[in-house]
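Residue-level listing of the chains:
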Amino acid sequence: MLREAFEYLTTPCPPLARRYGYLAEMVALGARHRRQRRAWAPHVEACRRFVLEAAERAPRGGRALVAGSGLLIEVPLPALAERFGEVLLIDMLHSRSVRQQARRHPNVRLLTLDVTGALAPLDAALPDGSPLPSPSPPELPGERFAFALSCNLLSQLPLLPLDAIDRKAPNRPEAERERFAQALARSHRTWLSSVAEQATLFTDTESLWLEGGAILEREDSLWGLDLPPPDRGWDWDIAPAPEEDRRRSLRHRVGAWFNLAAPTGT
Ligand SMILES: C[S@@+](CC[C@H](N)C(=O)[O-])C[C@H]1O[C@@H](n2cnc3c(N)ncnc32)[C@H](O)[C@@H]1O
């Protein structure tokens, strides 16, 4: 508790990201990872193995981008820094521990950025009732990336913006909220494929609630996005009981694609 309060108070974070809850989420992610380290280990191992395998398909040297770098739990940063000429880590904020890790590699840079480009326009639209904005992902200066990795980010993109809509504009029609969420997910996929030769992505595709081994509920996490069958897949026991619920456990199904910029996804 003390550690989380300290992190919350001392982590550099843009005011908008703080107000929309990104800092609180990142602190909570770290705390949950510490509590569930053992349950998460197969997932963390699968992510890192997948990222290494994906990176090996891209030519050595060149530029690499990691969107949703978070706390680098799932990202083998030393291997990426060794393989590529430059590695750009993008997130809404970067913790002190990530800044320290990045400093160990002269070719790793941090970019604090909203990859949807929708948060600031959303913040402007909510108070006066104007339509929810369309996403407008950033243009990144410099040479085209050889490798872009979206790192457990796609399903998350709409969550905090939707929370803000519910808090600040609860009467927005459900269909408008849904269109907004779907547009964020869709434009992320398009953006990733447009910035790099190889667009690698992993994300949770489904959430399952389980009790005593039986599936009680399952929910799609892809916001209606139509993706090809994943190249790799695994389960992530993200919240075994009683982490979120006394009896029920939450499991995510994760899908991973080596290259969504290629027509076949291979
Ligand atoms: C599930 S976490 C990813 C964990 C991370 N891959 C790791 O290894 O620790 C999702 C990350 O996406 C970031 N994120 C969410 N929405 C974003 C946005 N619009 N732009 C940039 N980053 C975003 C969050 O701040 C968070 O760090």
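Anything mentioned here points back to the structure above.
Along each chain, numbering runs from 1 in the same order as the chain's sequence is written. For this predicted model, a pLDDT threshold of at least 70 governs which residues receive local features, and a threshold of 80 or more governs which side-chain atom pairs are given and counted, while totals over whole chains, interfaces and linings are taken from all residues. As a rule here, side-chain values cover all heavy atoms of the structure and leave hydrogens and water aside.

(A) Up close: the site of the ligand. Definition of nearness: a residue and a molecule or strand are near each other if at least one heavy atom of the residue lies within 4 Å of the molecule or strand. Surrounding the ligand, one finds 20 residues, the nearest of these being Gly 68, Ile 73, Glu 74, Asp 91 and Asp 114. Here a polar contact is taken to be a pair of N or O atoms separated by no more than 3.5 Å, where protein atoms must pair a possible hydrogen donor with a possible acceptor and residues adjacent in sequence count only if both atoms sit in side chains. A distance of 3.5 Å separates a nitrogen atom of the ligand from a polar backbone atom of Leu 113. Within the contact set of the ligand, a nitrogen atom lies 2.8 Å away from a side-chain nitrogen or oxygen of Asp 114.

(B) Layout of the pairing of strand β3 (residues 108-112). Two strands pair when backbone bridges link them, and strand β2 (residues 86-91) and β3 are joined in this way by five bridges, in the parallel orientation. Along β3, the bridge assignment pairs Leu 89 with Leu 110. Running through helix α6 (residues 96-103), the crossover from β2 to the neighbouring parallel element β3 is right-handed. Paired strands, in this sense, are two strands between which DSSP finds at least two bridges. Helix and strand definitions follow DSSP, with helices as H or I runs of at least four residues and strands as E runs of at least two, each counted in order from the N terminus. Convention used here: a crossover is right-handed provided that the path from the first strand, over the helix, to the second strand proceeds clockwise when the strands point away from the viewer.

(C) Broad picture of the packing of aromatic side chains. Any two rings among Phe, Tyr and Trp, with Trp reduced to its six-membered ring, count as a pair given centres within 6.5 Å; such a pair is stacked if its planes are under 30 degrees apart, edge-to-face if over 60, and tilted if neither. Tallying each qualifying case throughout the model produces six aromatic pairs. With 6.2 Å between their ring centres and 85° between their planes, Phe 50 and Phe 202 make a pair best called edge-to-face. Here Phe 50 is found in helix α4 (residues 37-56), whereas its partner Phe 202 is found in strand β5 (residues 196-211), with 152 residues between them in sequence. As far as burial versus exposure is concerned, Phe 50 and Phe 202 are alike and both buried. Aromatic side chains Phe 202 and Trp 234 sit 6.2 Å apart centroid to centroid with 45° between the ring planes, which places their arrangement in the tilted category. Here Phe 202, found in strand β5, pairs with Trp 234, found in strand β7 (residues 232-239); they are 32 residues apart in sequence, far enough to count as distant. Note on accessibility: Phe 202 and Trp 234 belong to one class, buried. An aromatic cluster of at least three residues, connected via ring pairs, comprises Phe 50, Phe 202, Trp 234 and Phe 258. The ring of Tyr 8 is capped by Arg 18, whose NZ or CZ atom sits 5.4 Å from the centre of that ring. Lysine NZ or arginine CZ positioned within 6 Å of the ring centre and within 35 degrees of the ring normal marks a charge as sitting over the ring. Directly above the ring of Trp 209 sits Arg 248, whose terminal nitrogen or CZ lies 4.6 Å from the centroid. Buried residues are those whose accessible area, probed at 1.4 Å on protein chains only, stays under 20% of the maximum for their type, while exposed residues exceed 50% and partly exposed ones sit between those limits.

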